There are 4 protein chains.
Amino acid sequence: MSQATLEHTGKRQILVNAAAEVFARQGFAKTRVSDISQHAGVGKGTVYEYFSSKEELFFAVFEWIKNEIRSRVEAVVNDHTPARDVLTTVFRTTAEIITEHREIFSMNLEFWAASRGSAFEDRFSAGCQSMYHEYRELTAEIVRRGQREGEFRPDLDADRISVVIVSALDGLGVQCWFDETVDAVGAAGAFAEALCGGLCVEER
Amino acid sequence: MSQATLEHTGKRQILVNAAAEVFARQGFAKTRVSDISQHAGVGKGTVYEYFSSKEELFFAVFEWIKNEIRSRVEAVVNDHTPARDVLTTVFRTTAEIITEHREIFSMNLEFWAASRGSAFEDRFSAGCQSMYHEYRELTAEIVRRGQREGEFRPDLDADRISVVIVSALDGLGVQCWFDETVDAVGAAGAFAEALCGGLCVEER
Amino acid sequence: MSQATLEHTGKRQILVNAAAEVFARQGFAKTRVSDISQHAGVGKGTVYEYFSSKEELFFAVFEWIKNEIRSRVEAVVNDHTPARDVLTTVFRTTAEIITEHREIFSMNLEFWAASRGSAFEDRFSAGCQSMYHEYRELTAEIVRRGQREGEFRPDLDADRISVVIVSALDGLGVQCWFDETVDAVGAAGAFAEALCGGLCVEER
Amino acid sequence: MSQATLEHTGKRQILVNAAAEVFARQGFAKTRVSDISQHAGVGKGTVYEYFSSKEELFFAVFEWIKNEIRSRVEAVVNDHTPARDVLTTVFRTTAEIITEHREIFSMNLEFWAASRGSAFEDRFSAGCQSMYHEYRELTAEIVRRGQREGEFRPDLDADRISVVIVSALDGLGVQCWFDETVDAVGAAGAFAEALCGGLCVEER
DNA sequence: TATGAATGAGAATTCATTCAT
DNA sequence: AATGAATGAATTCTCATTCAT
C-alpha cells in the first residue's frame, strides 16, 4: 500500500515535472495534454489517472513552483544576521532564481493570466493572493526586526514598504523575461543599497 | 475618401474599445469573437473587415492600452519641478491608474502571457520590451536630472535604479489585482519616501 | 432604352469575359466574386445587378464558352468537301482549340463537376447533355453523308461511331490538360487516318 | 503491433470506402466531413485520426479508385491473344465499368476538377498525369505487339493512336454520365470494329 | 493501473449576398 | 445603376476527455 502510494506519488511528481517543462516551453494554450504525457513517457490516459483535467495539472505545477521558490527564499532568511544583510540576500537570491530559471519563472505570467479566464481562476487567484501575503509578511518581519534592533528607521511603515519590496522583485522577473540584457542581480543590488541607504539609521 | 477613411478608423476604434472591455472582463481565451462583435453592436463578420484574426484584434488592444497609459504618465512628467517631486508624482499617478482601472490593468497579465504561446508572441514580446525600455529611460532621465541638479546622490547607478522603479510599479499592479485590500497609493507613497530618503543628498 | 439595354448587355458580357478568365485561372471554388468584379473593374455589388448568384455567372460562362467552341467547329463543317476531309478538319480544329486555349478548355473539367454538387447541377447537366447530342448529330451527319456518297463503309453504325468520335475529342482535351507534352494535333491526325483507313492489315 | 496496424489500416479503408460513396453521391463541395463519418458509423473526430484534412481523404479516395480501375483493366490484358481481341476486350471492359459503376466513374469529373483550384491540385495533377501515361503505355504496347505480329498496319504511330484510344474511353465515360441512353458497350464495340477494320471503303 | 482510439463540443474564419447610400 | 461595408450562415478542424481493453 505504502509502496503503491509511493509509486503513485512518484508518478504524479514525474507528471508535474514534465508538465512544468512543457508548459514553460510552449505556454498553457499551445500545450496539448499529449505533449506532456509523451514528455513524461506515459500514455495520454495516464495523465487523467492523476489529474482530473489539464487545468488541474496546470494548477499542480503552479503549487509546485510556488513551493520550490518559497523554500529557496526561506532558506536564506536568517534571524541572526543584520536585517539589512538578510534583505540584501533575499533580493540577490530572488534575482538569481529569476536569471537562472528564466523559462520556469516566466510561467508566472501565465499563472497570473490563469487568474482570469481559467476555469480555476478562483484557485489561482487565491493561490497568488496567499503567496503575496506570505512574502509580504516575510519581508515585513525582516523590516520590523530591523526596526526593533535599531537598524532601520522606526518611522517607516513596514507593511507598506513590504508591498513595494515584493512588487519590485516580482516586476524584476517580468522585465528580465522581456529583455535578457536586463541585469537582475545588479539591479537588485542597487535597489538594496538605495533602499537601505534610505532606511538605515546609522547611515544618516 | 478621407470621409471613408475616417469612418473606417472610427469603427476600428469602436471595435478596439469593445474588445478591450470584453477581454478585460473575460480574458482572451474565454472571449469569443462574437462576444466582442455583439458588444460593439455589429455582426461577427465585421470584426474581420478590420482585423484579420482574433489575435490581431487583441494586439490592437495591447497597443492602444500601451499608448493610453504612456500618455497619461508622460503628462505628469515635468522638468521644472524637483526630481524628487516628479518621481513621487509618477509613483502616485501609476498607483492611481492601477487602482481606478483595475480591469484594464489586469489586461497586462494577459498581454504578458501572450508573449508566450500566442501566435503573435514575437510582436507582444517586442511591444513589451520596447515599452519597458521607454519607461526605464523616462525614469533614468528623472534620476539623472536629480543627480545633475544635486538633489540625488551621484554615486548611484541611475540605470539600475530605473529597472527597479519600473519593476516596483509593475509589481504593484499585480498585487493589487490579486488583493483589493492592498493600498497601491499608500505603498507608492511609502516607496517614494523610502527610496528618496536613501537617494537624496540633503537628507543625510 | 435600347441604349440602356445595349449598355446592360455590354457590361454583362464584360463580366462573363472577366469571370471566364478568373475562373479559368483559379477554378470555381477558389474564385471569389470580388476577384471577378475587380478583374472586370467594377464593384462587387455590380455583379449582382447582372447575375443573381456566383453559380449563375458560372453558368453564363459555361454557355458562352459552349457557344464559342460550337461556332468555331461549325465554321469548318462544309458539305461540299469529301466527308473524310471534313472529319479530318473537325479533328484538327478541335485539337487546335484545345492546344491554343488550354486554360479555357480546362474549365470543362469544372463544368462537368458542376453537373454534380452545384446548385445548378440540372442546368449544367442539361447543357452538357444537349451539347453532346448536338456534336454527335453533327458528326453522325458527316458520317452518313460519307456513307451515302460511297466514301465510307455502309455497314457501320454512324450513331455509334459518332459517340466515340465525340468521346475521343473530349478526352483529348483532358489528357492535354494534364500533360502539356501530349500532341493533340498530331494525335487527332493519326486518329483520323487510323479511323478512316483502318488498322488491320488482313482485312484489306 | 501488427494487430494495431492492421486495425488502423482496416478503419482507414472503411473511411475511404464511406467517403467514396458519399463523395460519389453528393460531390466534394456538398459533402461535409460529418456526412462521411456518419456514413462510416464513426465520430467526426475519427476521420481526422486517419486523414489530416477533407482534401487528403478525397485524395485517398482518388488513389484507391485509380488502383481499383487499373487492376481491373490489367486483368483483361493478355499477351497470348491476338492484339485485336485484346483491344476489343479492353474497350468492352472499360465500357462495362463505366456503365455498371456510373456513380464511381462520375468521381473522375471531380478528380479532374480537383486538379484546378484544390489545395492538392499538384497531387491530383500528378496522379492523373501518371495514370494517363500508364494507360497510354499499356495501349501502345498492345498496338506495337499487333504491328510486330503482322496484325496491324506497321506504318501507324502507336503512341499517337494510344493517346486517342485512351481519350475515347475517357470521353465515353463523360457522355454516359450525362446521358444514360448512350450505349457505352455498343459504342466501344463499334469503335473497336471501325478502328480495327477501317472506315473507308476505297482504301480496302 | 495504463493505454490510446474514439469522440464531439466548440470556435475561428470565410465569403456569397444584401442593401443603404 | 453602382457600390462596398456589413452580415451571419455554414463548415472545417482541434484537442480535452472518456472508456473499453
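Use the structure listed above.
Along every chain, residues carry numbers that run from 1 in the direction the sequence is written. The naming scheme follows written order: chains are lettered A onward, ligands numbered 1 onward. Two thresholds apply to this predicted model, a pLDDT of at least 70 for residue-level local features and 80 or more for giving and counting side-chain atom pairs, whereas whole-chain, interface and lining totals are computed over all residues. The basis for the side-chain values is all heavy atoms of the structure; hydrogens and waters are excluded.

Draft legend 1. Local environment of the relation of the copies chain D and chain C. In superposing the copies, a least-squares fit is computed on C-alpha atoms, taking residues whose pLDDT is at least 70 in both. Between chain D and chain C, the superposition needs a rotation of 180 degrees and an axial shift of 0.0 Å, giving an RMSD of 0.1 Å. Taken together, the rotation and translation relating the two chain copies correspond to the operation of a two-fold axis. Should any heavy atoms of two residues lie within 4.5 Å, those residues are considered in contact. Take the interface residues of chain D: 100% of them recur as interface residues in chain C, which is what a same-surface contact looks like.

Draft legend 2. Highlighting the packing of helix α4 (residues 54–76) of chain D against helix α7 (residues 121–148) of chain D. Residue and element names in this part refer to chain D. Running from N to C, α4 and α7 cross one another at 5 degrees; their axes reach a closest spacing of 11 Å. Relative to α7, the element α4 is oriented roughly parallel. Here α4 contributes Glu56, Phe58, Phe59, Phe62, Lys66, Ile69, Arg70, Val73 and Glu74 to the contact with α7, which in turn contributes Arg123, Phe124, Gly127, Cys128, Ser130, Met131, Glu134, Tyr135 and Leu138. Grouping the amino acids of the contact of α4 with α7 by side-chain chemistry returns 10 nonpolar, 2 polar and 6 charged. Orientation is described by lines fitted to C-alpha atoms, with helices fitted over the stretch in contact, and by angles between N-to-C directions that extend from 0 to 180 degrees. Helical segments are the DSSP runs of H or I of at least four residues, strand segments are the runs of E of at least two, and each set is numbered from the N terminus. Small angles under 35 degrees read as roughly parallel and large ones over 145 as roughly antiparallel, with 65 to 115 read as roughly perpendicular and the rest as oblique. Three classes are used: nonpolar for Ala, Val, Leu, Ile, Met, Phe, Trp, Tyr, Cys and Pro, charged for Asp, Glu, Lys and Arg, and polar for all others, with Gly counted as polar.

Draft legend 3. Region of interest: the protein's contact with DNA strand F. Around DNA strand F, the structure places 30 residues, and the nearest of them are B:Lys11, B:Thr46, B:Tyr50, C:Thr46 and D:Lys44. In these notes, residues near a molecule or strand are those with any non-hydrogen atom within 4 Å of it. Sugar and phosphate atoms represent 61% of those atoms of DNA strand F found within 4 Å of the protein. In this structure, B:Gly43 approaches DNA strand F through a main-chain N or O atom, which is 2.7 Å from a phosphate oxygen. Pairing of N or O atoms within 3.5 Å defines a polar contact, subject to two protein rules: one partner must be a possible hydrogen donor and the other a possible acceptor, and residues neighboring in sequence count only if both atoms are side-chain atoms. Within the side chain of B:Thr46, a nitrogen or oxygen atom sits 2.2 Å from a phosphate oxygen of DNA strand F.

Draft legend 4. Expanded view of the interface of chain A and chain B. The partner chain B presents 52 residues to the 53 residues of chain A that form the contact. The term buried area denotes the loss of accessible surface (1.4 Å probe radius) that occurs when two parts are joined, taken as the sum for both partners. Interface area for chain A against chain B, summed over the two sides, is near 4,200 Å², with a carbon-plus-sulfur share of 60%. For this analysis, a salt bridge means a side-chain nitrogen from Lys or Arg found within 4 Å of a carboxyl oxygen belonging to Asp or Glu. Applying the counting rule to chain A against chain B returns 10 salt bridges. Between A:Asp179 and B:Arg136 there is a salt bridge, with its nearest N and O atoms 3.2 Å apart. Linking chain A to chain B there are 22 residue pairs in polar contact (both at pLDDT 80 or more).

Draft legend 5. Broad picture of the arrangement of the chains. In this assembly, 2 pairs of chains are in contact, and the pair contributing the most contacts is chains C and D. When C-alpha atoms are compared, chain A and chain D, though not in contact, are closest at a spacing of 14 Å.

Draft legend 6. Focus on the interface of chain D and chain C. Tallying the contact residues gives 62 residues for chain D and 63 residues for chain C. Taken together, both faces of the contact between chain D and chain C bury some 5,600 Å²; the carbon and sulfur share is 60%. Our enumeration of links across chain D and chain C arrives at 10 salt bridges. A salt bridge links C:Arg153 to D:Glu193; the shortest N-O distance between them is 3.8 Å. Our enumeration of links across chain D and chain C arrives at 22 residue pairs in polar contact (both at pLDDT 80 or more). Those elements that place two or more of their residues in the side of chain D that touches chain C are α1 (2–26), α6 (102–114), α7, α8 (158–178) and α9 (184–197) of chain D. Looking at the side of chain D that touches chain C, its residues break down into 29 nonpolar, 15 polar and 18 charged.

Draft legend 7. The arrangement of the environment of D:Asn17 in detail. Residue and element names in this part refer to chain D. As for its position among the elements, asparagine 17 is in helix α1. In sequence terms asparagine 17 and alanine 194 are 177 residues apart; their C-alpha atoms lie 38 Å from each other. A distance of 2.6 Å separates a polar atom in the side chain of asparagine 17 from the backbone oxygen of glutamine 13.

Draft legend 8. Here's a closer look at the pattern of salt bridges. Here the structure, examined in full by the defined rule, presents 64 salt bridges over all chains. With a shortest N-O distance of 3.5 Å, B:Arg92 and B:Glu96 are connected by a salt bridge. Of this pair, B:Arg92 and B:Glu96 are both found in helix α5 (residues 83–100), 4 residues apart, which corresponds to roughly one turn of the helix. Connected through shared salt-bridge partners, A:Glu141, A:Arg144, A:Arg148 and A:Asp159 make up one network.

Draft legend 9. The arrangement of the state of the cysteines in detail. Cysteine sulfur atoms that come within 2.5 Å of each other are treated as a disulfide pair. For the coordinates displayed, the defined rule picks out 0 disulfides over all chains. A disulfide-free cysteine, D:Cys176 has its sulfur positioned 14 Å from the sulfur of C:Cys128, the nearest such atom. By relative accessible area, D:Cys176 is classed as buried at 6%. Burial classes follow relative accessibility: with a 1.4 Å probe on protein chains only, a residue under 20% of its type's maximum area counts as buried, one over 50% as exposed, and anything between as partly exposed.

Draft legend 10. Focus on the relation of the copies chain A and chain B. Least-squares fitting of chain A to chain B yields an RMSD of 0.2 Å, with the superposition described by an axial translation of 0.1 Å and a rotation of 180 degrees. Taken as a fraction of all interface residues of chain A, those also at the interface in chain B reach 96%, which identifies the copy contact as same-surface.

Draft legend 11. Spotlight on helix α8 (residues 158–178) of chain C. All names here are of chain C. Multiply 1.5 Å by the residue count of a helix minus one, and that product is the helix's expected span. Given a rise of 1.5 Å per residue, 21 residues ought to cover 30 Å, and the 31 Å separating the end C-alpha atoms of α8 matches this to within 8%. Most of α8 sits out of view: 19 of its 21 residues are buried. N-cap assignment for α8: the residue whose side-chain oxygen lies 2.9 Å from the backbone N of aspartate 159 is aspartate 157.

Draft legend 12. Focus on the nonpolar core. In these notes, a set of buried Ala, Val, Leu, Ile, Met, Phe, Trp, Tyr and Cys residues joined through side-chain atoms within 4.5 Å is what counts as a nonpolar core. Grouped together as the largest cluster of nonpolar side chains are 138 residues, with contacts concentrated most on A:Trp112, B:Phe91 and B:Trp112. Residue contacts for B:Trp112: discarding those within four places in its chain leaves A:Leu109, A:Trp112, A:Val174, A:Phe178, B:Cys128, B:Tyr132, B:Asp170 and B:Val174. Counting 137 residues, the second largest nonpolar core, distinct from the first, contains C:Ala184, D:Val73, D:Leu87 and D:Phe105.

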